[in-house]
Amino acid sequence: MFRTCTTQDAKNFDGKEVKVCGWVHDIRVLGRIAFIILRDRYGFAQLTLIKSIIGKENFKKYTKLTRESVICARGKVQLTEQAKLGFEILPEEINVLSVASAPLPLGVADKVQADMETRIENRFLDLRKPEVLAVFRVRSALLQGMRDTLIAHKFIEVHTPKIVATATEGGTELFPVKYFEKDAYLNQSPQLYKQILMGAGFDRVFEIAPAFRAEEHNTTRHLNEFISIDAELSFANDEDAMQILEEAIQNAIRYAVEREGDALELLGMKWEVPEIPFRRVTYDEALELLSGEVDMDWGEDFSTEALKVLGEKINDFYYITRWPLETKPFYVMPDGDKALAFDLMYRDKELSSGAQRNHNYESLVQNMRAKGLNPDNFEFYLNAFRYGMPPHAGWGLGLERLVMIITGVKNIRECVIFPRDRTRLVP
Ligand code: ATP
Ligand code: MG
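Definitions and cut-offs
- Residues numbered from 1 in each chain as written.
- Chains lettered and ligands numbered in written order.
- Predicted model: local features only at pLDDT ≥ 70, side-chain atom pairs only at ≥ 80, totals over all residues.
- Heavy atoms only, no water.
- Helix = DSSP H or I, 4+ residues; strand = E, 2+ residues; numbered from the N terminus.
- Buried < 20%, exposed > 50% of the residue type's maximum accessible area, 1.4 Å probe, protein only.
- Areas by Shrake-Rupley, 256 points an atom, 1.4 Å probe, with all protein chains shown as cover.
- Lys, Arg positive; Asp, Glu negative; His and termini not counted.
- Charge placed at Lys NZ, Arg CZ, Asp CG, Glu CD.
- Donors = N, O, S within 2.8 Å, 3.2 Å for Na, K, Ca; no water.
- Disulfide = S-S within 2.5 Å.
- Axes fitted to C-alpha atoms, helices over the stretch in contact; angles between N-to-C directions.
- Parallel < 35°, antiparallel > 145°, perpendicular 65-115°, else oblique.
- Left-handed = near helix turned anticlockwise from the far one by under 90°.
- Contact = heavy atoms within 4.5 Å.
- Core = buried A, V, L, I, M, F, W, Y, C linked by side-chain atoms within 4.5 Å.
- Near = heavy atom within 4 Å.
- Polar contact = N/O pair within 3.5 Å; in protein donor to acceptor, adjacent residues only side chain to side chain.
- Patch = residues over 30% accessible without salt bridge, like charges linked within 9 Å, V, L, I, M, F, W, Y side chains within 5 Å.
- Salt bridge = Lys/Arg side-chain N within 4 Å of Asp/Glu carboxyl O.

S.K.: Outline the overall build of the protein, supporting the account with residue identities and numerical values.
M.R.: Regarding its fold elements, the protein presents 14 helices and 17 strands. For the protein, the spread of C-alpha atoms along the principal axes amounts to about 85 × 55 × 40 Å. Taken across its 427 residues, the protein has 51% of its residues classed as buried. Carbon and sulfur atoms make up 50% of the accessible area of the protein, which totals about 21,100 Å². Within the protein, one finds 55 positive and 64 negative side-chain charges whose respective centroids are separated by 10 Å.

S.K.: Residues and numbers for the coordination of the magnesium ion (ligand 2), please.
M.R.: Every protein donor of the magnesium ion (ligand 2) is listed here as E350 (OE) and S353 (OG), and their distances to the metal cover 2.2 Å. Residue classification places E350 among the partly exposed residues on the basis of a relative accessible area of 30%. By relative accessible area, which is 27% here, S353 ends up partly exposed.

S.K.: If you had to explain the state of the cysteines to someone new, which residues and values would you point to?
M.R.: Summed over all chains, the structure comprises one disulfide. Between the sulfur of C21 and that of C72 lies a disulfide, 2.2 Å long from S to S. Taken together, the positions of C21 in strand β1 (residues 17–30) and C72 in strand β4 (residues 70–79) put the pair 51 residues apart, joining distant regions of the chain.

S.K.: Give a detailed account of the packing of helix α6 (residues 130–152) against helix α8 (residues 238–259), specifying residues and quantitative values.
M.R.: Helix-helix packing: each pair is described by the crossing angle between the helix axes and the interaxial distance. Interhelical geometry of α6 versus α8 gives an angle of 140° and a closest axis separation of 7 Å. Relative to α8, the element α6 is oriented oblique. α6 and α8 meet at a crossing whose hand is right-handed. Contact residues: α6 offers V138, A141, L142, Q144, G145, M146, D148, T149 and L150, while α8 offers I244, E247, A248, I249, N251, A252, I253, Y255, A256 and R259.

S.K.: Summarise the nonpolar core; cite the residues concerned and give the values.
M.R.: Judged by nonpolar contacts, the single largest core of 56 residues is most densely connected at I249, W395 and I406. Setting aside anything within four residues of it in sequence, one finds I249 in contact with M146, F278, F317, L344, L397 and L402. In this structure, L192, L197, L307 and Y318 belong to the second largest nonpolar core, which totals 38 residues.

S.K.: Any details on the site of ligand 1? Residues and values, ideally.
M.R.: Taken together, 14 residues surround ligand 1, and among them E215, H222, L223, E350 and L351 come closest. Within the backbone of S352, one N or O atom sits 3.3 Å away from an oxygen atom of ligand 1. Out of a free accessible area of 590 Å², ligand 1 has 82% covered by protein chains. Within the residue set of the shell around ligand 1, elements represented by two or more residues are β16 (349–356) and β17 (392–398).

S.K.: Quick rundown of a nonpolar patch on the surface? Include the residues and the values.
M.R.: Residues I163, Y179 and F180 make up a contiguous nonpolar surface patch of roughly 370 Å² in combined accessible area. Its location among the elements puts F180 in the loop between β8 (175–179) and β9 (182–186). Looking at F180, the relative accessible area reads 69%, which means it is exposed.

This is the structure:
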């Protein structure tokens, strides 16, 4: 057995022998006594080395270990007020499992953060920092909260193709790939497939999978590959979809707070589980709120500036509902010159877009043409509307946007282990 416990559990073994494994975070030598701070995913342990006990040779060997080397220590646990962590381990034996080269390209114990490029270049080291790991602990809890909510509401988890022949919404944000002798693309969104599944009678589906967007711009809230949480439900309207979404967000935050509270604390974030329903603001009301401060015409999408002002006025989660039809994709359900569509916002950030969908074949074809799309390219999709399609609604949410909001990190790249942006393809 490599280890008998983690650094977190070690303090429960006062007076007993344990084996702990991890990385050498720091070493301090004070004459005949030395401290090795051992780090694992769960925290830290102080190994107190006493020269007279461990032997002169060993003392020299262990105190010369390079930072970030991997070791395993066997020794007695002792609860003590003197140690910062409230306990220490007095090793009798240390196994050196892997020696780290020096100097490190990125200091794990350093208080100051390296720049983003250096961090991503050396991500395996960067991720060893407890506050960097904390983002992914919170991410995992949020994801679980979302998934459990959808499962509890009888959604079936599905996976749809990521290599596709046509764009979901047309446009240029597509990565072409060679598919033997055919041209293909990486999918921007599972939208069309999850709608087909409504036609297939699945009733409620969700998918958590990568979405690819060849967006050329470099922003702190866009990635070229992100994880999209998509849900679609039958015999439902926009309001039904919003209710599922806000409950999922509420549970996601509950999971993060309850399961990863100390990770949130490391990140300096305090969250209360939000109350639902979230505020609903129509597009028209939002324009009203902005009037006098931001100049914008009816029918325009909100600019970054407009969202900033709106975010200052509504300092919370809220929905913007009933958008002008022209701002939304062809598949949304029209209601006059409006769409039964919504965006979920947190302050100035868009978290999710959703809508009741247009399930009428003729009007769908017409709207497609109006948006300059050729219905012939969407036959595989449109066929599902010709033989019995229930009314349905749904939404898509970018997981990294949620992680950004909840962890408070400023750059979306920090929410992905290996981000893909305009220039980065490695690691
Ligand atoms: P934005 O206006 O913020 O660029 P969008 O309206 O183009 O987003 P949608 O097509 O509505 O995006 O996608 C649904 C959700 O997927 C968004 O609300 C967002 O959370 C997420 N998302 C979209 N594009 C990206 C991206 N490039 N990187 C990260 N997340 C994204
Ligand atoms: Mg959107």
